[in-house]
Amino acid sequence: MSSRSTNPGGASRVRRRALLGTAVLVVLVALAGLAAYLTRDGRTSPKAPGPQVSSVSPSSPTASASSPPHGSRSALPVPPSTHDPIKFGKAAAAALWSYDTRAYSQHELLAALHGWLTIERKYADTASVDALVPSRVLWKEMAANGQFATATVNEAHFPDSFTQALQADPGAITTAYVYAVTVSGKQSIAWNGSPHGGAENRVTTLAVQCRPSQPCALAGVLSAVAP
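Just so we're clear, the structure is a prediction, and the values are computed from it rather than from any experiment. (Residues numbered from 1 in each chain as written. Predicted model: local features only at pLDDT ≥ 70, side-chain atom pairs only at ≥ 80, totals over all residues. Heavy atoms only, no water.)

A. Summary view of empty space enclosed by the protein. Scanning the model with the defined rule gives two cavities of 30 Å³ or more in all. Size it by volume and the second largest cavity reaches roughly 40 Å³. In this structure, the second largest cavity is lined by Ala-95, Leu-96, Ser-98, Tyr-99, Leu-109, Leu-113, Leu-132, Val-133 and Pro-134. For the lining of the second largest cavity, the secondary-structure elements that each account for two or more residues are α3 (85–96) and α4 (106–114). For the lining of the second largest cavity, the per-class residue count stands at eight nonpolar, one polar and no charged. (1 Å grid on protein atoms, 1.4 Å probe; cavity = no way out; pocket = protein on both sides within 12 Å on 5 of 7 lines; lining within 4 Å. Points joined across faces, edges and corners; volume = space filled by probe spheres on them. Helix = DSSP H or I, 4+ residues; strand = E, 2+ residues; numbered from the N terminus. Nonpolar A, V, L, I, M, F, W, Y, C, P; charged D, E, K, R; others polar.)

B. Quick look at the environment of Ala-199. Topologically, Ala-199 is positioned in strand β5 (residues 194–209). Separated by ten residues in the primary sequence, Ala-199 and Ile-189 have C-alpha atoms spaced 6.1 Å apart. Contacts of Ala-199, omitting those with residues within four sequence positions, involve Lys-186, Gln-187 and Ser-188. (Contact = heavy atoms within 4.5 Å.)

C. Up close: α4. Among the residues making up α4, those that are buried are Gln-106, Leu-109, Leu-110, Ala-112 and Leu-113. The arc enclosing the buried residues of α4, seen along the axis, measures out at 160 degrees, which places them on a common side. Tucked into the core, α4 has its buried residues touching α3, β2 (99–100), α5 (126–130) and α6 (136–144). (Buried < 20%, exposed > 50% of the residue type's maximum accessible area, 1.4 Å probe, protein only. Arc of directions from axis to C-beta.)

D. Local environment of unusual backbone geometry. Located in the positive-phi region is Tyr-177, a residue other than glycine, with phi close to 55 degrees. Following the sequence through the fold, Tyr-177 ends up in the loop between α7 (160–168) and β4 (178–191). For Tyr-177, a relative accessible area of 19% puts it in the buried group.

E. Inspection of the state of the cysteines at higher detail. Under the defined criterion, the tally for this structure stands at one disulfide. Disulfide pairing places Cys-210 opposite Cys-216 at an S-S distance of 1.9 Å. In this structure, the disulfide formed by Cys-210 and Cys-216 twists by about 115 degrees around the S-S bond and is classed as right-handed. Residue classification places Cys-210 among the buried residues on the basis of a relative accessible area of 6%. (Disulfide = S-S within 2.5 Å.)

F. Broad picture of the nonpolar core. Counting residues in each nonpolar core, the largest one holds 37 residues, and the members touching the most others are Leu-96, Leu-113, Val-183, Leu-206 and Leu-218. Those elements giving two or more residues to this core turn out to be α3, α4, α6, β3 (148–157), β4, β5 and β6 (217–221). Examining the composition of this core, we find that seven residues originate from one element, α3, more than from any other. What Leu-113 contacts, discounting residues up to four positions off in sequence, is Pro-77, Ala-95, Leu-96, Val-129 and Val-133. Ranked by size, the runner-up nonpolar core spans five residues in total, among them Tyr-123, Ala-176, Val-178 and Ala-219. (Core = buried A, V, L, I, M, F, W, Y, C linked by side-chain atoms within 4.5 Å.)

G. View of the pairing of β5. Direction of pairing for β4 relative to β5: antiparallel, over a ladder of 13 bridges. In the strand pairing of β5, Lys-186 is matched with Asn-201. Once β4 ends, the chain turns through two residues before running back antiparallel as β5, passing Gly-193 with a positive phi of about 85 degrees. In this sheet, β6 lies alongside β5 in antiparallel orientation, the contact comprising four bridges. In the sheet register, Ala-207 faces β6, and the bridge partner there is Gly-220. (Pairing = 2+ DSSP bridges.)

The values are spatial; any link to function lies outside them.
This is the structure we're talking about:
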């Protein structure tokens with residue numbers, strides 16, 4: 001008997017990802033790597049940073065999870081109340097790229113990030129969010145060094161494939177109202193004895209649900225970056 005058949009929870013996660021992927025697929029028909037997203041199993045591995053996106057959206061304000069003053073602690077991320085998928089995508093990316101082992105536990109951060117997810121469970125890919133948070137074991141080691149990460153978002157935009165598909169079939173979005181938003185920025189990491197630490201560029205494509213009747217919410221993190 002296969003390992004998948006003995007793991008009902010994993011099968012459930014696969015079905016949930018498939019539903020989310022289907023919602024995004026109707027407006028991301030040209031997204032390379034989406035097939036891998038739809039078929040990956042419940043054993044989600046951490047995402048590696050994607051290539052930097054150079055496209056700029058001048059109409060979108062800069063979002064930032066900036067470094068706290070010396071000796072202070074970062075608060076848990078709270079989702080904004082907005083109907084703008086670009087604005088929400090920027091805030092969500094900053095939240096996903098930030099953490100503070102000095103201020104809260106790994107479990108508390110996971111719980112806070114789950115609060116960003118859509119309440120429509122069939123579109124909520126919880127595992128794709130959890131994969132971006134350090135494991136409990138790693139978190140404990142990081143906490144011993146007082147490690148924390150902050151994020152600065154440079155820009156966010158709808159991928160070209162999303163825009164083109166939406167123009168070709170404007171009604172396609174009305175099934176789930178899931179938008180693809182690609183966000184780029186920088187993550188800075190510091191720890192005790194190294195206040196400046198290091199930094200690296202980050203880019204990710206998020207699935208953001210924005211129904212007209214309710215504020216935006218996160219549906220998941222796509223496994224491939226859409227330029």
